[in-house]
Amino acid sequence: MIGFEPTEEEAALAALAHEFAAREIRPVSAHHDQTGEFPEAVLRKAHSLGLMNLHVPQRWGGPGLGVLDGCLVSEEIAWGCAGIGTILEACGLALEPVLQGASDALVERYVAPMVERFSLASYCVTEPGAGSDVQAMRTHAERRGDRWVINGQKMWITNAGQADWFFVLAVTDPALKARGGMTAFLVERGWKGVSVGRKEWNMGVRASDTRGVTFEDVEVPEENVVGQVGQGWMLAMKAFDHTRPPVAAGAVGLARAAMEHAAKYAEERVAFGVPIARHQAVAFLLADMAKDIDAARLLVWRAAWLKDQGRRNTREASIAKVFAADVAMRVATDAVQVFGGYGYNAEYPVEKLMRDAKIFSIYEGTSQIQRVIVARELSERNR
Ligand SMILES: Cc1cc2nc3c(=O)[nH]c(=O)nc-3n(C[C@H](O)[C@H](O)[C@H](O)COP(=O)(O)OP(=O)(O)OC[C@H]3O[C@@H](n4cnc5c(N)ncnc54)[C@H](O)[C@@H]3O)c2cc1C
């Protein structure tokens with residue numbers, strides 16, 4: 001049976017997130033975009049309202065909500081500001097492989113306290129010379145007695161300047177790489193040998209904090225290995241099945257914001273004696289926005305629903321991510337078009353949305369990589 005009606009709980013959660021985004025995020029989103037100042041006050045409020053760490057299971061004190069719940073919240077937060085949404089999503093991405101693979105002791109020590117007390121984590125996988133091609137990474141860890149020693153450099157790490165700890169992927173057997181030669185570690189930001197670079201000044205999502213991280217002879221105790229030695233690649237990649245739907249939901253939220261701004265402006269702006277919404281060329285831009293956003297949201301919900309049913313969703317998560325990313329970019333660009341010259345100006349909201357939208361086709365796997373995944377799954381099915 002196919003149903004599109006959210007349950008009472010889902011509707012209440014989405015309403016809570018929407019109200020929070022309208023009241024607390026929208027009024028400050030331009031400020032954080034223009035200054036790059038980290039929105040800690042907003043995040044602390046989100047935490048106190050229970051809008052963070054949604055997927056932490058009840059046994060660790062969390063609400064234990066599903067991927068679909070996460071998508072409902074993510075759409076609303078990104079409707080408020082995709083930069084702030086990025087902070088929350090990146091933290092969720094760091095937690096996911098730890099929840100999936102780490103020992104109870106590690107989860108209890110590092111994840112459970114985050115439910116009680118506001119703090120952030122980072123997912124440290126990308127490197128200056130290895131993004132899409134994760135296996136090209138050079139960060140390595142070697143065992144010395146009862147410790148591991150990590151050396152290497154990570155790049156584009158969201159929340160790096162704020163996080164208490166990092167989920168770090170490193171090579172432990174260069175001959176095996178993804179086939180058992182990569183291991184994940186949980187590394188505290190304050191440990192000796194960990195240094196964090198300057199905040200990058202990116203095109204968009206400027207409320208978020210992206211930095212390089214260097215590991216120089218960082219000693220990690222054996223108990224901070226996440227899962228088993230050699231399991232790191234699998235843990236790091238499987239996390240995306242959970243996190244790509246909420247990231248795609250963020251793209252839907254941004255697109256929805258752009259459409260709403262454009263639709264309102266099109267009723268107010270008069271050209272040739274009528275509101276521009278009466279010109280069919282503009283009306284069709286708006287209609288296409290609505291059509292594409294609806295389609296993207298349905299793909300997101302399907303990918304999330306599959307995961308919540310305990311079913312494999314790798315293909316559907318990639319389809320949702322690539323489609324929603326393209327929709328966000330197209331809708332934001334068309335919203336700038338509807339605003340005309342004003343759309344190109346930072347005094348109006350759609351310029352930021354267009355800059356922010358681009359990130360959805362880059363992080364958590366580029367749009368090309370999502371297509372590679374979908375194509376691979378297709379050919380596997382046909383083999
Ligand atoms: C704001 C921001 C936040 C980020 N946050 C994090 C984070 O928290 N943690 C983290 O680990 N990483 C993070 N990243 C990194 C992000 O995931 C990578 O930038 C992304 O995976 C792409 O890697 P790359 O930049 O090295 O590009 P490359 O992999 O060098 O790709 C360059 C181009 O080549 C294309 N390409 C590469 N390989 C293929 C292929 N096989 N087929 C077709 N096309 C291909 C890509 O799609 C892209 O268009 C972040 C990046 C940004 C910009």
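Note that side chains of opposite charge can pair when their charged atoms are close. For the structure on display, the rule yields 29 salt bridges. Among the ionic pairs, Glu-19 bridges to Arg-23, the shortest N-O distance being 2.5 Å. Of the two residues, Glu-19 and Arg-23 are both situated in helix H1 (residues 8–35); the distance of four residues between them amounts to about one turn of the helix. Among the residues examined, Arg-23 registers a relative accessible area of 58% and is labelled exposed.

Applying the stated criterion to the full structure yields zero disulfides. Free cysteine Cys-81: the closest other cysteine sulfur is in Cys-91, separated by 16 Å. Cys-81 sits in the buried class, given a relative accessible area of 2%. Of the cysteine sulfurs around Cys-124, a residue in no disulfide, the closest is that of Cys-91, at 12 Å. The buried category is assigned to Cys-124, whose relative accessible area is 0%.

In total, this model carries nine aromatic pairs according to the counting rule given. Between Phe-339 and Tyr-348, the aromatic rings sit 6.2 Å apart at their centres with planes inclined by 65°, giving edge-to-face as the arrangement. The exposure class of Tyr-348 is partly exposed, given its relative accessible area of 31%. Relative to Tyr-348, the ring of Tyr-342 has its centre 5.3 Å away and its plane inclined at 65°; by these criteria the two rings are edge-to-face. With a relative accessible area of 37%, Tyr-342 lands in the partly exposed category. The structure contains a cluster of three or more aromatic residues connected by ring pairs, namely Tyr-265, Phe-339, Tyr-342 and Tyr-348. The ring of Trp-79 carries Arg-26 above its face, with NZ or CZ at 3.7 Å from the centroid.

So, how was this worked out
- Residues numbered from 1 in each chain as written.
- Predicted model: local features only at pLDDT ≥ 70, side-chain atom pairs only at ≥ 80, totals over all residues.
- Heavy atoms only, no water.
- Salt bridge = Lys/Arg side-chain N within 4 Å of Asp/Glu carboxyl O.
- Helix = DSSP H or I, 4+ residues; strand = E, 2+ residues; numbered from the N terminus.
- Buried < 20%, exposed > 50% of the residue type's maximum accessible area, 1.4 Å probe, protein only.
- Disulfide = S-S within 2.5 Å.
- Phe/Tyr/Trp six-rings, centres within 6.5 Å; stacked < 30°, edge-to-face > 60°.
- Lys NZ or Arg CZ within 6 Å of the ring centre and 35° of its normal.

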